[in-house]
Amino acid sequence: MPAEKRKHKRQRPRHPKKRQTSKTKQIVEAVESLDVAALRQFSLSEGGFGTAELRARCWPLLCRARSTDHIRDEDKELEDGERPRDADQVHLDVNRSLTHLLPTVVTEKQLLFYRDQLEDVLLRLFKRYPYLNYYQGFHDIASLLLLSLPSEGVPPMLESLTLFYLRDHLLPTLNGTEAQLNLIMPILARTTPKVHSLLKMSNGIDGPEYRPYFAISWILTWFTHDINDIRILTRLWDLFIAHGPVMVVYVCTSLIAAREKEIVGLAESDPDVDSAMLHHMLSKISLSTNWETIITNAWETYKSHPPSVLQVGKLLKSGVIHRFYDDIWRLPPGKSIPVSGHPEKLFQKEIRELERLGSSQRYWLGRVGKVLAASALVAAAGVAWYAYENVLILEMSF
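Residues numbered from 1 in each chain as written. Predicted model: local features only at pLDDT ≥ 70, side-chain atom pairs only at ≥ 80, totals over all residues. Heavy atoms only, no water.

**Some thoughts on the overall build of the protein chain**
In step 1: Of regular secondary structure, the protein chain possesses 21 helices and zero strands.
In step 2: Burial statistics for the protein chain: of 398 residues in total, 51% are counted as buried.
In step 3: If you take every contact in the protein chain between residues at least 6 apart in sequence, the share linking residues at least 24 apart comes to 78%.
In step 4: Put simply, the protein chain shows about 19,100 Å² of open surface, and 53% of that area lies on carbon and sulfur atoms. (Helix = DSSP H or I, 4+ residues; strand = E, 2+ residues; numbered from the N terminus. Buried < 20%, exposed > 50% of the residue type's maximum accessible area, 1.4 Å probe, protein only. Contact = heavy atoms within 4.5 Å. Areas by Shrake-Rupley, 256 points an atom, 1.4 Å probe, with all protein chains shown as cover.)

Structure below.
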């Protein structure tokens, strides 16, 4: 064969399918060798873990989920226990759930079957951890797990995410959620100062401090309420599960920063632009969003401006973001999360920390109707947050 042809053959790009096969093989090898560091790197690569089958293996390992057998044994002991105090609200939310995630071809019988599974896994979780406070939108978190993983893998994953990723939102008040929300503006001040300035001034010189309440559903539900494609959701969750709940906040800021031209353009075209107008625009996630770019920018921003250098002074020391390294990251590969008493101690410690802060800052409403309380706060600023019943119809496509 002529040298020119041999050279051309060597330089020919590999077929995308072959590259994907190679990546899949490497991910499987990382799972089998318990190489969580490698898995964290794969979560940053294009497409993340790629398939439902791989996620079913990667997610539990990364979040140190317990075995299904341990949870099943505990649930048997609690079968005759007291009904969770939020059982009625769980039932109401489940009865209007899943239609936004399931394909339209699903029959009514199948839908009811999925809802029964969803309600069962939620009630069992709150029986196991009765001190946790359910919030509207939490059922969407469980729904995505139910439709993304084998049924036996859902309880361990939901348990780990609840205790060590989402605990801030399951407190008696919304203050833990607000502590995460408070990171957004300081990050924007460093990455897109023009956007930060426009948002800050949108309430007027003498107005209240601007808070990006449009992002509260993004944080509470890990975007499951606002994005209309389950492939995007699971791709984002690869990042969140691998690198911790702080990445939810950095994806929020990346989304806002990506719309800098729109925000500046709106302000230039209308000198009277206010927080209500900006909220209306930013609360709608663009269908043309390049999610791989959003993820890359979020990660780069996190590396350049981690919470430790933001000097916000409001990041809870007992919250999930601050404690993620100790509670999840530093655990030896293959070791499961500690659940005997440890999560409740963290929960109570976080409540005490918030109570101490309560004397010097506004203390939010109680646990009943937490998402609706957030909606009321936004309405007080002249903006109606998305009604929770107006759920987007999502297509399930793996």
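Structure shown, so let's carry the discussion forward.
**Let's talk about the packing of helix α4 (residues 52-62) against helix α14 (residues 230-243)**
In step 1: At their nearest, the axes of α4 and α14 sit 9 Å apart, and the two run at 25° to each other. One way to sum up the angle between α4 and α14 is to call them roughly parallel. Where α4 crosses over α14, the handedness of that crossing is left-handed. Contacts from Arg55, Trp59 and Leu62 in α4 reach Thr234, Arg235, Trp237, Asp238, Ile241 and Ala242 in α14. (Axes fitted to C-alpha atoms, helices over the stretch in contact; angles between N-to-C directions. Parallel < 35°, antiparallel > 145°, perpendicular 65-115°, else oblique. Left-handed = near helix turned anticlockwise from the far one by under 90°.)

**Section: the pattern of salt bridges**
In step 1: Tallying each qualifying case throughout the model produces 17 salt bridges.
In step 2: Close ionic contact of Arg55 with Asp238 constitutes a salt bridge, the shortest N to O distance being 2.8 Å. Residue Arg55 is found in helix α4, and its partner Asp238 is found in helix α14; the two are separated by 183 residues along the sequence.
In step 3: Linking Asp93 and Arg96 is a salt bridge whose minimum nitrogen-to-oxygen distance equals 2.9 Å.
In step 4: For Asp93, a relative accessible area of 1% gives the class buried.
In step 5: Each of Arg66, Glu74, Arg128 and Glu159 takes part in a single network of salt bridges with overlapping partners. (Salt bridge = Lys/Arg side-chain N within 4 Å of Asp/Glu carboxyl O.)

**Here's the deal with helix α19 (residues 320-329)**
In step 1: Taken together, the buried positions of α19 are Val320, Ile321, Arg323, Phe324, Asp327 and Ile328. End-on view of α19: buried residues confined to an arc of 145°, all on one side of the axis. (Arc of directions from axis to C-beta.)

**Observations regarding the environment of Arg72**
In step 1: Turning to its location among the elements, Arg72 is positioned in helix α5 (residues 68-77).
In step 2: Expressed as a C-alpha distance, the spacing of Arg72 and Pro156, which sit 84 residues apart in the sequence, is 9.6 Å.
In step 3: Looking at Arg72, its side chain comes within polar contact range of the side chain of Asp69, at 2.8 Å. (Polar contact = N/O pair within 3.5 Å; in protein donor to acceptor, adjacent residues only side chain to side chain.)

**A word on a positive patch on the surface**
In step 1: A contiguous patch of positive charge on the surface is contributed by Lys317, Lys349, Arg352 and Arg356.
In step 2: Note on placement: Lys317 falls in the loop between α18 (291-304) and α19.
In step 3: Taking relative accessible area as the criterion, Lys317 reaches 63% and is therefore assigned exposed. (Patch = residues over 30% accessible without salt bridge, like charges linked within 9 Å, V, L, I, M, F, W, Y side chains within 5 Å. Lys, Arg positive; Asp, Glu negative; His and termini not counted. Charge placed at Lys NZ, Arg CZ, Asp CG, Glu CD.)

**Focus: the packing of aromatic side chains**
In step 1: Counting across every chain of the model gives 19 aromatic pairs.
In step 2: With centroids separated by 5.3 Å and ring planes inclined at 70°, the aromatic side chains of Trp222 and Phe240 adopt a geometry described as edge-to-face. Here the residue Trp222 occupies a position in the loop between α13 (216-221) and α14, and Phe240 occupies one in helix α14, the gap between them amounting to 18 residues. Residue Trp222 shares its accessibility class with Phe240, and that shared class is buried.
In step 3: Each member of the aromatic cluster is reached from another via a ring pair, and the members are Trp59, Tyr165, Phe214, Trp218, Trp222, Phe223, Trp237, Phe240, Trp291, Phe324 and Trp329.
In step 4: Here the basic side chain of Arg40 rests over the ring of Trp329, its NZ or CZ set 3.5 Å away from the ring centre. (Phe/Tyr/Trp six-rings, centres within 6.5 Å; stacked < 30°, edge-to-face > 60°. Lys NZ or Arg CZ within 6 Å of the ring centre and 35° of its normal.)

**With respect to the nonpolar core**
In step 1: Grouped together as the largest cluster of nonpolar side chains are 114 residues, with contacts concentrated most on Phe223 and Trp237.
In step 2: With near-sequence residues (within four places) excluded, Phe223 lies in contact with Ser217, Trp218, Leu233, Leu236, Phe240, Val248, Val251, Cys252, Leu255 and Ile285. (Core = buried A, V, L, I, M, F, W, Y, C linked by side-chain atoms within 4.5 Å.)

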